[in-house]
Amino acid sequence: MTAIKARESAADPSGPTPRPELPRLGWRGGLRYLWTQLTSMRTALILLFALALAAIPGSLVPQRRISPVRVSDFINEHPTLGPIYDKIGMFSVYSSPWFSAIYLLLFVSLVGCIIPRVGVYAKAIRARPPKTPRNLVRLPAYAHTDIADGDHDVLDRAAVALRRRHYRVDVYSDSVAAERGYLREAGNLVFHISLVILLIGVAIGALFGFRGTSVVIVGQGFSNNLTQYDDFSAGGRFTEADLAPFSVTVKDFDVKFETGPVQRGAARLFRANVEVTERPGAVPREEVLQVNKPLHIGGTTVHLIGHGYAPKVTVKDAQGNVAFSGPIVMLPQDSNFTSLGTIKAPDARPERLAFEALFLPTAVLDDQGPHSIFPDALNPALFANVWYGPPKVETGKPENVYSLDSAGLSQLKQTDGQPVRIALKVGDGVNLPDGKGSIQLDGWVRWVKLQIGDTPGVPISLIALGFAVAGLCLSLFVRPRRVWIRVRDGEPGHRVLEVGGLDRADARAGLTDDVAELAAQLSRRPEEVSTT
Amino acid sequence: MRYEYYSNLALVSSVVVYVLAMFAHAAEWAAARRTGQTEPATTRELVGVGAADMRSEPVEGRDHVSVETPPISSPRVEQFGRMGVALTIIGFLLSVTGVLLRALAAQRAPWGNMFEFTITAMVFIVGVYLIMLWRTGIRWLGLPVTLLAAVGNGLAVTVFYVAVAPLVPALHSVWFLIHIVAAAISGAAFNVGGVMSILYLIKRRAEDRGAVRGYLERLPSSRKIDLIAYRFLAFAFPLWTFTVVAGAIWAEYAWGRYWGWDPKETWALVTWVIYAGYLHARSTAGWRGTRAAVIAIIGLASFWFNFIGINLLVSGLHSYAGI
């Protein structure tokens, strides 16, 4: 995109010379025309703004990848708008065709501009300063001073002075031409090339990387294979064999919340002590897993990204046999960890049992119904509705462990027709009406949500970004300048030293001063003091 | 607890003093108008400001600065102006004190929430203005900067205020310091640059109409304002790039992904893209000047929306306002 920049830039004295050749007819001419349009600065600007605009809806409309629940809520709340949004990709803006089109076009435009410019720069890097123009007075900055007739080495001193100021200098018989600031364009090119490499890094990560999460109950473990993931997404080039065969056991998990008056309930500490086994049979090692301190196991990183409660319950059926016993992972619904889940006892006989349950770490029962008022387990309680039905044929179909499919089940009701509601504290048990069985809250444990992933392109992107920032600084802070100095005959017995300067970036200050200072400096001969 | 009390006292006082400074500058301009100044705007060469300053480059042509035209003839105007500067310095010291005491009260870097971020950014904004005032004498920036500082600190102590509290675990990281300081400094520069772009548009319009009067008369030429605005934004842009990069690195540590299209991240990118557009526009024929200035102002609006709108209206991982 910046090739045109040079062409259109009025600051560039080499000037906008419109190319006389017109696009030829036919498809080749058409293509060339399209290419010129695409790589023009104006198109790049428009694409930049289109990108900024297109990114906005994704921050205001819920996104499926970030919060699928809020997306389905949105669709339910907006029956007309929801499906339209869905169709045009508003719920997955950043992978939608229109968003992709904009940034791909932008990058094509970028590449189309860098390539010719690299060529131009490769020539310019060895270029000498332009020859001294005939008329220095016409330059934006100009100063002149009289010098002594016998001062023959003034141009040599000028060359030294300019070289000391990091100019590239050519000395002619009656003048000196100097230029500096070649790094500006280099920085510019480095920056834009880095952006392309950044995109490549991101693409590598998207193709070869994977990321998934797994909920692990404290005391239990995770071993890295696909069956253990709760959700998993991977790039097209990823294969299951890429998963390193490690396992992680969560031994305990510390969590602390603010109990003071300010920000009460805000998290203050999450820390899991884990045991990592790199591969089956290897010696396990102890590690601490914290927010901001992920585990690195080979090339895979393990992050701690969430936690919650798993009440331990025991369900007995009508015959008095234990139909279910153990911790049940429940999903937090709010910042006070009001947690929702289902307890299923498909093996209960003669009728299977299921419970829609609410676990409250600090339970309060008031007009709003049961809810939790603090995220830590200060007064844990379990509230549940009961469902029962004939045994189901084992189909082997996976079902959602967090929600209850009430098909084939009926809700257990009291004699007055109200649903049976169970409220249990730790250690409490209750017999279900009609001798359907019993349920007991044995205690609770915490669970942690681990995110396991590998994004191979990250180092490439990171290095590219380092170069991008460095290049950007060069391209913005290096200010190219040209200076010419000429000696010509003035009044008899005198000669005139002329200094002219030109800035090639419009943000440079002090050109006039520099030129004047240079003139003043050169007019003073070192030995002048002694001769007068 | 005492530290927190005195921190709040200092910050509230700073708001009052900034408002007074703003009145003094307003009086300065009003007085200048009444004296019917018709002399041309000061034509001093503004050198080595902006980006160059902040990299502490030697100021070139300093002696030239001393040959400026005398600023203004009326002693009343001068008196009000000096008063404004003096009040600004007092306000600045109070605001620095407020931030330092806040840090002492919290026993950590004072950048944990929106309130703390705002008071820190205001210190940077006024600090930069005072440095520029000292090096190049741009007192014409006094009115908008004191207005900005009064509004910023005013919002902080009234709307954004939260009492001292420890940080949530996600903020326990060195990137917390790096990311947020870079954001505060580049934010300060975006703000000053944005204010200048607004001044540029006003001055440019007056110049085009040939009706440069009062306050506008004492501003430098629109071309010069544009140049200074550019220097601020050219300084802020790489730093903002770095802010976003540092944020991405931190996100990789904290959340296991370097980019997740969180609303804050999205708007940081939108802001970045708009300012990238500004820099490109400035070197495109037909986009320089007014259009570029408008883009810079849109960029500033996007920055503010990202800061206030996203923090308060949209829920995301960066919802750290704590209000």
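All values derive from a computational prediction rather than experimental measurement.

### Re the overall build of chain B
Thinking step 1. In terms of regular secondary structure, chain B is built from eleven helices and zero strands.
Thinking step 2. Scanning chain B from its N terminus toward the C terminus, one meets helices and strands in the order α-α-α-α-α-α-α-α-α-α-α.
Thinking step 3. Relative to its 323 residues, chain B shows a buried fraction of 54%.
Thinking step 4. The contacts of chain B with a sequence gap of at least 6 include a subset with a gap of at least 24, amounting to 80%.

### Quick word on the overall build of chain A
Thinking step 1. Looking only at helices and strands, chain A has twelve helices and 24 strands in total.
Thinking step 2. The globule rule puts the C-alpha radius of gyration for 532 residues at 24 Å, and the 37 Å found for chain A is more than 25% above it.
Thinking step 3. With respect to the three principal axes, the spread of C-alpha positions in chain A is 125 × 65 × 55 Å.
Thinking step 4. Every one of the 532 residues in chain A was classed for burial, and the buried ones make up 33%.
Thinking step 5. Residue pairs at least 24 apart in sequence account for 64% of intrachain contacts in chain A once pairs closer than 6 positions are excluded.

### Thoughts on the domain arrangement of chain A
Thinking step 1. The assigned domain composition of chain A is domain 1 (2-124), domain 2 (136-181 + 479-531), domain 3 (206-307 + 451-468) and domain 4 (308-447).
Thinking step 2. Between domain 2 of chain A and domain 3 of chain A, the C-alpha centre-to-centre distance is 64 Å.

### Quick look at helix α10 (residues 263-282) of chain B
Thinking step 1. Helix length check: α10 of chain B, at 20 residues, gives a terminal C-alpha distance of 28 Å against a target of 28 Å (1.5 Å per residue), a fit within 8%.
Thinking step 2. Summarising burial for α10 of chain B: 18 of the 20 residues are buried, a large majority.

### Describing the packing of helix α9 (residues 222-254) of chain B against α10 of chain B
All names here are of chain B.
Thinking step 1. Axis separation between α9 and α10 bottoms out at 10 Å; the angle between their running directions is 145 degrees. For the element pair α9 and α10, the recorded crossing hand is left-handed. Taken together, the residues of α10 that come into contact with α9 (itself represented by Y230, L233, F237, W240, T241, V244 and G247) are A268, L269, W272, Y275, Y278, L279 and R282.
Thinking step 2. Along the lines of polarity and charge, the residues of the contact of α9 with α10 split into eleven nonpolar, two polar and one charged.

### What about the nonpolar core?
Thinking step 1. By size, the foremost hydrophobic cluster in this structure holds 179 residues, and its most contacted members are I125 and L233 of chain B.
Thinking step 2. It is α9 of chain B that provides the largest number of residues to this core, a total of 21 residues.
Thinking step 3. W484, V487, A519 and L522 of chain A belong to the second largest nonpolar core, which has 26 residues in total.

### Examining the interface of chain A and chain B
Thinking step 1. Taken together, the contact between chain A and chain B spans 49 residues of the former and 50 residues of the latter.
Thinking step 2. Contributing elements (two or more residues each) for the side of chain A that touches chain B: α1 (2-8), α3 (41-55), α4 (57-60), β8 (267-277), β11 (300-317), β22 (437-454), α10 (458-477) and α11 (511-523) of chain A.
Thinking step 3. The greatest single-element share of the side of chain A that touches chain B, amounting to nine residues, is contributed by α3 of chain A.

### Some remarks on the sheet that holds strand β23 (residues 481-489) of chain A
Strand-to-strand pairing in sheets goes through backbone hydrogen bonds, with the strands running parallel or antiparallel.
Residue and element names in this part refer to chain A.
Thinking step 1. As summarised here, the arrangement of the five strands in space is β1-β24-β23-β3-β2, forming an open sheet in which the pairing is antiparallel. The open sheet has two edge strands with one neighbour each: β1 (141-148) and β2 (168-171). Here the strands of the sheet are splayed against their neighbours by 15 degrees on average, with no regard to which way each runs.
Thinking step 2. Examined bridge by bridge, β2 and strand β3 (residues 175-180) share four bridges and lie antiparallel to one another.

### Re the pairing of strand β16 (residues 363-366) of chain A
Residues and elements named next belong to chain A.
Thinking step 1. Sheet topology places β16 next to strand β17 (residues 369-372); four bridges connect them, and they run antiparallel. Paired with L365 across the strands is P370, a residue of β17.
Thinking step 2. The loop that links β16 with its antiparallel partner β17 comprises two residues.

### A short note on the sheet that holds strand β5 (residues 221-223) of chain A
Residue and element names in this part refer to chain A.
Thinking step 1. The strand order across the open sheet built from four strands is β5-β7-β8-β9, with neighbouring strands paired in antiparallel fashion. Whereas interior strands pair on both sides, the edge strands pair on one side only; in this sheet they are β5 and β9 (285-290). Going from strand to strand, the sheet's axes swing by 30 degrees on average, the running direction of each strand aside.
Thinking step 2. Pairing geometry for β8 and β9, over six bridges, is antiparallel. Along β9, the bridge assignment pairs R271 with Q290.

### Let's talk about the pairing of strand β4 (residues 210-217) of chain A
Residue and element names in this part refer to chain A.
Thinking step 1. Bridge count for β4 against strand β6 (residues 231-234) is four bridges, and the pairing is antiparallel. Each bridged residue has a counterpart across the sheet, and for F210 the counterpart in β6 is A234.
Thinking step 2. Across eight bridges, β4 lies against β22 in antiparallel orientation. Residue I217 lies in a different strand from β22, and its bridge partner there is W447.

### Overview of the environment of A354 of chain A
Thinking step 1. Turning to its location among the elements, A354 of chain A is positioned in strand β15 (residues 352-360).
Thinking step 2. For A354 of chain A, the contacting residues outside a window of four places in its chain are T342, I343, K344, A345, W387, L404 and L409 of chain A.

### What about helix α9 (residues 183-208) of chain A?
Thinking step 1. Its 26 residues give α9 of chain A an end-to-end C-alpha distance of 36 Å, which sits within 8% of 38 Å, the value for a rise of 1.5 Å per residue.
Thinking step 2. Within α9 of chain A, the full set of buried residues consists of E185, G187, N188, L189, F191, H192, S194, L195, L198, G201 and G205 of chain A.

### Points about unusual backbone geometry
Thinking step 1. A cis amide bond, omega 5 degrees, links R349 of chain A with the succeeding residue P350 of chain A.
Thinking step 2. Of note in this structure, D434 of chain A is not a glycine but carries a positive phi near 60 degrees.
Thinking step 3. In this structure, D434 of chain A sits in the loop between β21 (429-431) and β22.
Thinking step 4. For Q107 of chain B, which is not glycine, the phi dihedral falls at a positive 60 degrees.
Thinking step 5. Structurally, the position occupied by Q107 of chain B is in the loop between α4 (75-106) and α5 (114-136).
Thinking step 6. Overall, the presence of 9 C-beta atoms within 10 Å leaves Q107 of chain B in the exposed class.

### Remarks on the confidence of the model for chain B
Thinking step 1. Here chain B shows a mean pLDDT of 83. Residues at 70 or above account for 85%.
Thinking step 2. Predicted as a complex, the structure gets a pTM of 0.84 and an ipTM equal to 0.82.

### A look at the environment of L353 of chain A
Residues and elements named next belong to chain A.
Thinking step 1. On the secondary structure map, L353 appears in strand β15.
Thinking step 2. Given 28 C-beta atoms within a 10 Å radius, L353 is considered buried.
Thinking step 3. A C-alpha to C-alpha distance of 6.8 Å links L353 and G389, two positions 36 residues apart in sequence.
Thinking step 4. When residues no more than four places from it in sequence are discounted, the contact partners of L353 are V315, D317, A323, A345, A348, V386, Y388, K436 and G437.

### Side note on the environment of L227 of chain B
Residues and elements named next belong to chain B.
Thinking step 1. One can find L227 in helix α9.
Thinking step 2. Exposure remark for L227: the 20 C-beta atoms within 10 Å place this residue in the buried category.
Thinking step 3. When the C-alpha positions of L227 and S283 are compared, they lie 13 Å apart, and in sequence the two are 56 residues distant.

Rules behind the numbers
Residues numbered from 1 in each chain as written. Chains lettered and ligands numbered in written order. Predicted model: local features only at pLDDT ≥ 70, side-chain atom pairs only at ≥ 80, totals over all residues. Helix = DSSP H or I, 4+ residues; strand = E, 2+ residues; numbered from the N terminus. Buried ≥ 20, exposed ≤ 12 C-beta atoms within 10 Å, placed from the backbone. Contact = placed C-beta atoms within 7 Å. Rg over C-alpha atoms; globule rule 2.2 N^0.38 Å. Domains from an automatic or database assignment. Expected span 1.5 Å × (residues − 1). Axes fitted to C-alpha atoms, helices over the stretch in contact; angles between N-to-C directions. Left-handed = near helix turned anticlockwise from the far one by under 90°. Nonpolar A, V, L, I, M, F, W, Y, C, P; charged D, E, K, R; others polar. Core = buried A, V, L, I, M, F, W, Y, C linked by C-beta atoms within 7 Å. Pairing = 2+ DSSP bridges. pLDDT = per-residue confidence, 0-100.

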